[in-house]
Amino acid sequence: MNTRYLTRNLPNTRIDVADALRGIAVAGIILYHSVEHFDIFTEEPILHTLSCDESVGRVLAWLLSGKMYGIFAMLFGLSFFIMNDNQQQKGRSFAGRFAWRMCLLFIFGLINVAFYDGDILMLYAVYGLLLIPISYLPSRAVWCIIALLAIQPVELFCLLTGITIDHTRLFEIYGQTMALHEHGTFWENALNNLQYGFELNLRFNVFSGRLTQLLCLFILGMQLGRQRLFYNEDRHLGIWHVILSVSILAVLVLSFVDFGKLASWLTPIRNLSILVMIVSTVVSAWYAFEGVRRVLHHLCIFGRMSLTNYLLQSIIGSFIFCGYGLACYRLVGITYAVLIGLMMVIAQYLFCRWWFASHPRGPLEGLWRKLTWLQFK
């Protein structure tokens with residue numbers, strides 16, 4: 001018997017709350033990149049600081065660091081399910097076309113990493129390929145894979161066996177890269193980023209515990225699409241309320257626990273709990289309150305152009321903070337940097353409003369779609 005997942009032949013209409021979550025994720029990425037001065041942690045004295053900088057940095061790290069990229073990854077998996085299911089309903093295979101789509105995303109990532117060393121598109125393109133074989137599995141097997149990845153198996157294995165991962169290479173590459181961000185030319189930065197950007201991000205994902213967590217969120221997004229949980233159907237809103245309650249409890253418990261030697265294992269799990277809490281809060285509020293939908297509609301516009309906005313923030317932010325541009329890495333502290341990030345979000349939002357007045361998709365989104373569906377002879 002073929003255990004391949006079969007479509008339920010239900011319409012995959014546009015999910016506005018998913019667009020809102022994408023908008024939140026990209027806006028959060030911009031704000032936290034600004035907190036980090038786009039990956040420049042200088043030892044030089046910063047000219048303009050405020051006494052609240054440290055507190056602002058801690059709050060935003062708790063709320064945004066790792067969570068926004070995770071939401072982005074989960075919605076990536078959801079998008080894969082929708083496209084794959086739409087093709088299944090037409091009796092077509094989407095595997096080859098999706099693999100080609102991931103090749104295109106990798107190319108977008110190469111362009112992006114030339115400006116910002118923290119690019120995640122290339123890594124997402126590689127992770128995305130793993131969704132193809134997993135999509136053929138029945139839901140019970142998929143949930144087992146999600147559960148295995150969610151418990152941070154690499155970190156847990158290291159704790160149980162006493163094995164440690166050597167991160168020396170990560171720090172060497174990062175030291176070289178940060179020095180160029182401060183004092184190098186644009187071309188020196190671009191060449192270094194192209195040479196080491198993918199390796200740097202892969203090693204950082206291992207270091208931070210995101211290696212298996214991001215893959216977990218990719219698969220989770222696909223599975224939530226299968227279950228149609230982002231639609232307000234049946235008892236789905238009640239399910240989100242349960243998820244919200246459990247995630248709040250997990251966050252509270254993990255916030256009062258001294259991790260100690262278990263920090264490498266428990267910190268990513270706490271981050272995952274916060275991420276789930278954010279997503280379930282947004283989905284629950286979206287379907288429960290008309291006022292929330294009106295407010296978040298603006299972020300839907302931002303989220304519909306997520307790829308374009310992600311590349312734009314790399315170009316604009318790196319110019320603002322790097323030494324070859326305005327060199328704000330040594331001019332402003334965290335609070336002022338967040339205000340700069342907020343201005344970037346507003347400027348890009350206004351660009352989205354202007355663009356969508358005469359176009360159905362964002363510039364890179366439209367190009368990606370056209371190239372995805374190229375007919376090869």
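Notes on the structure in this doc start here. Fair warning: this is a prediction, and the values are worked out from it, not measured in the lab. (Residues numbered from 1 in each chain as written. Predicted model: local features only at pLDDT ≥ 70, side-chain atom pairs only at ≥ 80, totals over all residues. Heavy atoms only, no water.)

1. As for the overall build of the chain
Inference 1: Counting secondary structure elements, the chain contains 16 helices and zero strands.
Inference 2: Its C-alpha atoms give the chain a radius of gyration of 21 Å, near enough to 21 Å, the size a compact globule of 377 residues would have.
Inference 3: The principal-axis extents of the C-alpha atoms in the chain amount to approximately 65 × 55 × 45 Å.
Inference 4: Considering the chain as a whole, with its 377 residues, one finds that 51% of them fall into the buried category. (Helix = DSSP H or I, 4+ residues; strand = E, 2+ residues; numbered from the N terminus. Rg over C-alpha atoms; globule rule 2.2 N^0.38 Å. Buried < 20%, exposed > 50% of the residue type's maximum accessible area, 1.4 Å probe, protein only.)

2. Thoughts on helix H15 (residues 334–356)
Inference 1: Between the first and last C-alpha of H15 there are 33 Å, a value that for 23 residues agrees with the 33 Å anticipated at 1.5 Å per step.
Inference 2: Thr335, Ala337, Val338, Ile340, Gly341, Met344, Val345, Gln348, Tyr349, Cys352, Trp355 and Phe356 are the residues of H15 that are buried.
Inference 3: As for H15, its buried residues are in contact with helix H1 (16–35), helix H2 (53–64), helix H13 (290–303), helix H14 (306–321) and helix H16 (363–372). (Expected span 1.5 Å × (residues − 1). Contact = heavy atoms within 4.5 Å.)

3. Re the pattern of salt bridges
Inference 1: Throughout the structure, instances matching the rule amount to eight salt bridges.
Inference 2: For Asp19, the salt bridge is made with Arg14, and the minimal N-O distance between the two is 2.7 Å.
Inference 3: Salt-bridge contacts for Arg293 lead to Glu290; the nearest nitrogen and oxygen are separated by 2.6 Å. With a gap of three residues between them, Arg293 and Glu290 both fall in helix H13, about one helical turn apart.
Inference 4: Assessed through its relative accessible area of 42%, Glu290 is described here as partly exposed.
Inference 5: One salt-bridge network, in which partners are shared between bridges, spans Arg14, Asp19 and Arg22. (Salt bridge = Lys/Arg side-chain N within 4 Å of Asp/Glu carboxyl O.)

Nothing here speaks to function; it is all geometry.
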